[in-house]
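# Fold and contact review
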Amino acid sequence: MKKTLTLCLLIASYVAVQAQKSVKDSYRDFTYYRTGRGDENKIKKAKALLNDKSELTPKQLTNVEYYLGRMYEELGNPDSALVHYIESVKLEPNYSVINRAIGFIYLDKTKPHIKEMNEASVAKNPVANSKAFEKYRALIKKALPHLEKYQACEPDDETLSIITNLYKSIKDQPSIVSLPNRLKSMSENCVSLLDDE
């Protein structure tokens, strides 16, 4: 009985080690192909890594989610990109590049609502205009924290202007006034490069 139990434990240990090697090997392969342009094959392989995410370190998981988002974005699928960017930013909220990507995807999603507001204005339909504005404002409020984090970590005049104009567009003057303090506070914990280990 002891020999059977010992043999079972050895087999289970061997299988666990082989599975771990497989995930490690797959992740190592991922570090090579992630830098190229995304395609369906690379996405499939990266998603397979997520099936074994318990075997990945938090930093590795952050990388897989981020690069999956980037691959989807390169293929013109911002909705899928957003899903993976959000998972990545949950793991590393201070990574400026992820925040920029999320912020601009949300901004892009406002375009249909801007069109609806313009059409409602032309039609002199205040109810339709108000509904479109609320949808627009909701997306802007999702975009702004990410754009602010990016601006705090990698300041540039263009992004600062975008942030300020977005607050003006939703009539939020107090947030413009308090922006410098928020940016200063957020600038203390910036991550500009994701580590693998």
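Looking now at helix H7 (residues 126–153). Taking 1.5 Å per residue, 28 residues should reach 40 Å; H7 reaches 39 Å between its end C-alpha atoms and fits that length. Where H7 bends most, at Ala143, the angle is about 25 degrees, and the proline Pro145 comes one to four residues later. Two or three places before Val127, at the opening of H7, Asn125 has a side-chain oxygen 3.3 Å from that residue's backbone nitrogen.

A few words now on the packing of helix H2 (residues 40–51) against helix H3 (residues 58–74). Closest axis-to-axis distance for the H2/H3 pair is 10 Å, and the angle between their directions is 150 degrees. In this view, H2 runs roughly antiparallel relative to H3, as classed from their interaxial angle. With respect to the hand of their crossing, H2 and H3 are arranged in left-handed fashion. For the pair H2 and H3, the contacting residues are Lys42, Ile43, Ala46, Lys47, Leu49 and Leu50 in the first and Leu61, Val64, Glu65, Leu68, Met71 and Tyr72 in the second. Looking at the contact of H2 with H3 residue by residue, the classes come out as 9 nonpolar, no polar and 3 charged.

With 46 residues, the main nonpolar core has Phe30, Val64 and Tyr85 as its most contacted residues. Among the elements that make up this core, the one with the highest residue count is H7 (9 residues). Excluding anything up to four places from it in sequence, Tyr85 contacts Glu65, Tyr66, Gly69, Arg70, Glu73, Ile98, Ala101, Ile102 and Ile105.

In this structure, Lys124 is a non-glycine residue whose phi angle is positive, near 55 degrees. Its place among the elements puts Lys124 in the loop between helix H6 (111–122) and H7. Residue Lys124 is classed as exposed on the basis of its relative accessible area, which comes to 72%. One non-glycine residue, Lys171, lies in the positive phi region at around 60 degrees. Tracing the backbone shows Lys171 in the loop between helix H8 (157–169) and helix H9 (173–186).

Another aspect to go through is helix H4 (residues 78–91). Each full turn of the α-helix corresponds to 3.6 residues, which orients residues three or four apart in the same direction. Given a rise of 1.5 Å per residue, 14 residues ought to cover 20 Å, and the 20 Å separating the end C-alpha atoms of H4 matches this to within 8%. Within the span of H4, buried status applies to Ala81, Leu82, His84, Tyr85, Ser88 and Val89. The inward-facing, buried residues of H4 abut H2, H3, helix H5 (96–109) and H7.

Right, let's talk about the pattern of salt bridges for a bit. In this structure the tally under the stated criterion is 9 salt bridges. Residue Asp108 pairs with Lys111 through a salt bridge whose shortest N-O separation is 2.8 Å. A relative accessible area of 40% places Asp108 in the partly exposed class. You can call Lys111 exposed: its relative accessible area is 53%. Note that Glu119 is salt-bridged to Lys115, the shortest N-O span being 3.9 Å. In this pair, Glu119 and Lys115 both sit in helix H6, 4 residues apart, roughly one turn of the helix. Owing to a relative accessible area of 53%, Lys115 belongs among the exposed residues under this scheme.

Definitions and cut-offs
Residues numbered from 1 in each chain as written. Predicted model: local features only at pLDDT ≥ 70, side-chain atom pairs only at ≥ 80, totals over all residues. Heavy atoms only, no water. Helix = DSSP H or I, 4+ residues; strand = E, 2+ residues; numbered from the N terminus. Expected span 1.5 Å × (residues − 1). Bend = angle between axes of the 7 residues up to and from the residue. Polar contact = N/O pair within 3.5 Å; in protein donor to acceptor, adjacent residues only side chain to side chain. Axes fitted to C-alpha atoms, helices over the stretch in contact; angles between N-to-C directions. Parallel < 35°, antiparallel > 145°, perpendicular 65-115°, else oblique. Left-handed = near helix turned anticlockwise from the far one by under 90°. Contact = heavy atoms within 4.5 Å. Nonpolar A, V, L, I, M, F, W, Y, C, P; charged D, E, K, R; others polar. Core = buried A, V, L, I, M, F, W, Y, C linked by side-chain atoms within 4.5 Å. Buried < 20%, exposed > 50% of the residue type's maximum accessible area, 1.4 Å probe, protein only. Salt bridge = Lys/Arg side-chain N within 4 Å of Asp/Glu carboxyl O.

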